Amino acid sequence: MTAGASPASGVDVAAYLARVGAQVESPDLAGLQRLHEAHVRTFTFDNIDVLLDQHPGVELPDVQAKFVGRGRGGYCFEHATLFAAVLDALGYEVVRMLARVGDVTASARTHCVVAVRLDGTRWLSDPGFGLSLMHPIRLEDGAREDHRGWAYRMVRVDGGASGPTWELQRQRDGAWELMHTTDELPVQQADVRSGHHFTSTYPTSHFRHGLMLTRHLPDRHVAVTHETLTVRRPGEPTEHRDLAEGELESLLDELRVGLTSDETERLLAVVGQLRTGRDAQSP
């Protein structure tokens, strides 16, 4: 295990593999790719527990109970903690890294990814982003990953004395769009706790002021907010429209979010308040 890796102690690998429906015979690239895609397709990216003021935190036992036990999803700190722990237990050399989403001059290190070293090559795994990579991408300048039409690339940026940073970009409408920028600074669990605390409790954090729910389905990527529905299919125009009144509940079922009836009821109430606030501010 490498410094910054999520400790594997206590992770139930068999239960995790059963939940995502994947098998890894040995710690190789094929197994990493298979596990990454299975994870992304199994667990939603969402901030629902933040909106419901019930987030259990980012310690491995809590994340494992939520994801593996309940089949719920969450956001990057949870995804990276669980994924890194499972990989470490399977014999991979892993380390968590932190990133800034969007403009690096205006954003904090509030995104968490997982780097995996295999045969001297590092691979960036990003299982907990709103539009996640399907497969890991080589952590090398100019590296590209194009999986069934979802295209990404890595760009190395010279950070001077602080070391290089790595831009993950995705192809969109014939151009490259910056997703996030990862640095090489060591990451400890205290950093993950701090990032989670800021993201989930800071008064102006966007995670507290709107619904974010996404999932990779077999033929499309679906993103839901309290206001909109966006459906992306590789090579096709993006579908984007306002969320219809009463539509969210059916989407929670379609995306298999795994909420209890009480959680669903409370989430619908929160979303109703967010939509009412939006309407009150409209001219």
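Residues numbered from 1 in each chain as written. Predicted model: local features only at pLDDT ≥ 70, side-chain atom pairs only at ≥ 80, totals over all residues. Heavy atoms only, no water.

(A) Just the overall build of the protein chain, in detail. Helix and strand content of the protein chain: eight helices and 13 strands. Each principal axis of the C-alpha distribution contributes one length, and for the protein chain these read about 55 × 40 × 35 Å. Each of the 283 residues in the protein chain was classed as buried or not, and the buried ones make up 53%. Across the protein chain, contacts joining residues at least 24 apart in sequence account for 54% of those joining residues at least 6 apart. By element, 50% of the accessible surface of the protein chain is carried by carbon and sulfur atoms, the whole surface being about 12,700 Å². Treating the 29 positive side-chain charges of the protein chain as one cloud and the 40 negative ones as another, the clouds have centres 1 Å apart. (Helix = DSSP H or I, 4+ residues; strand = E, 2+ residues; numbered from the N terminus. Buried < 20%, exposed > 50% of the residue type's maximum accessible area, 1.4 Å probe, protein only. Contact = heavy atoms within 4.5 Å. Areas by Shrake-Rupley, 256 points an atom, 1.4 Å probe, with all protein chains shown as cover. Lys, Arg positive; Asp, Glu negative; His and termini not counted. Charge placed at Lys NZ, Arg CZ, Asp CG, Glu CD.)

(B) Broad picture of unusual backbone geometry. Of note in this structure, arginine 148 is not a glycine but carries a positive phi near 55 degrees. With respect to the helices and strands, the residue arginine 148 is situated in the loop between strand 6 (144-147) and strand 7 (150-157). When its relative accessible area of 59% is taken as the criterion, arginine 148 is described as exposed. Unlike most non-glycine residues, aspartate 173 shows phi in positive territory, near 55 degrees. If you trace the backbone, aspartate 173 turns up in the loop between strand 8 (165-172) and strand 9 (175-183).

(C) Main features of the packing of helix 4 (residues 60-69) against helix 5 (residues 76-89). Direction vectors running N to C along helix 4 and helix 5 enclose 95 degrees, while the axes themselves pass 9 Å from each other. Looking at the two axes, helix 4 sits roughly perpendicular to helix 5. Between helix 4, through Leu60, Val63, Gln64, Lys66, Phe67 and Val68, and helix 5, the contact on the second element is made entirely by Glu78, His79, Thr81, Leu82 and Ala85. Here the contact of helix 4 with helix 5 is composed, by residue class, of six nonpolar, three polar and two charged. (Axes fitted to C-alpha atoms, helices over the stretch in contact; angles between N-to-C directions. Parallel < 35°, antiparallel > 145°, perpendicular 65-115°, else oblique. Nonpolar A, V, L, I, M, F, W, Y, C, P; charged D, E, K, R; others polar.)

(D) Looking closely at the pairing of strand 10 (residues 213-217). For strand 10, the buried fraction is high: five of the five residues fall into the buried class. The two faces of strand 10 match: Leu213, Arg215 and Leu217 on one face and Thr214 and His216 on the other face are all buried. With two bridges connecting them, strand 1 (residues 45-46) and strand 10 associate as antiparallel partners. Within strand 10, the position partnered with phenylalanine 45 by the bridge is threonine 214. (Pairing = 2+ DSSP bridges.)

(E) Just the environment of glutamate 254, in detail. The topology assignment puts glutamate 254 in helix 7 (residues 247-254). With 14 residues separating them in the primary sequence, glutamate 254 and leucine 268 have C-alpha atoms 16 Å apart. Those residues in contact with glutamate 254 that lie beyond four places of it in its chain are Leu217 and Arg220.

(F) Looking closely at the sheet that holds strand 13 (residues 239-242). Across the sheet, five strands lie side by side as 1-10-11-12-13; this open sheet has antiparallel pairing. Strand pairing shows two members of the sheet lacking a second neighbour, strand 1 and strand 13, which therefore form its edges.

All we've got here are geometric facts, nothing functional implied.
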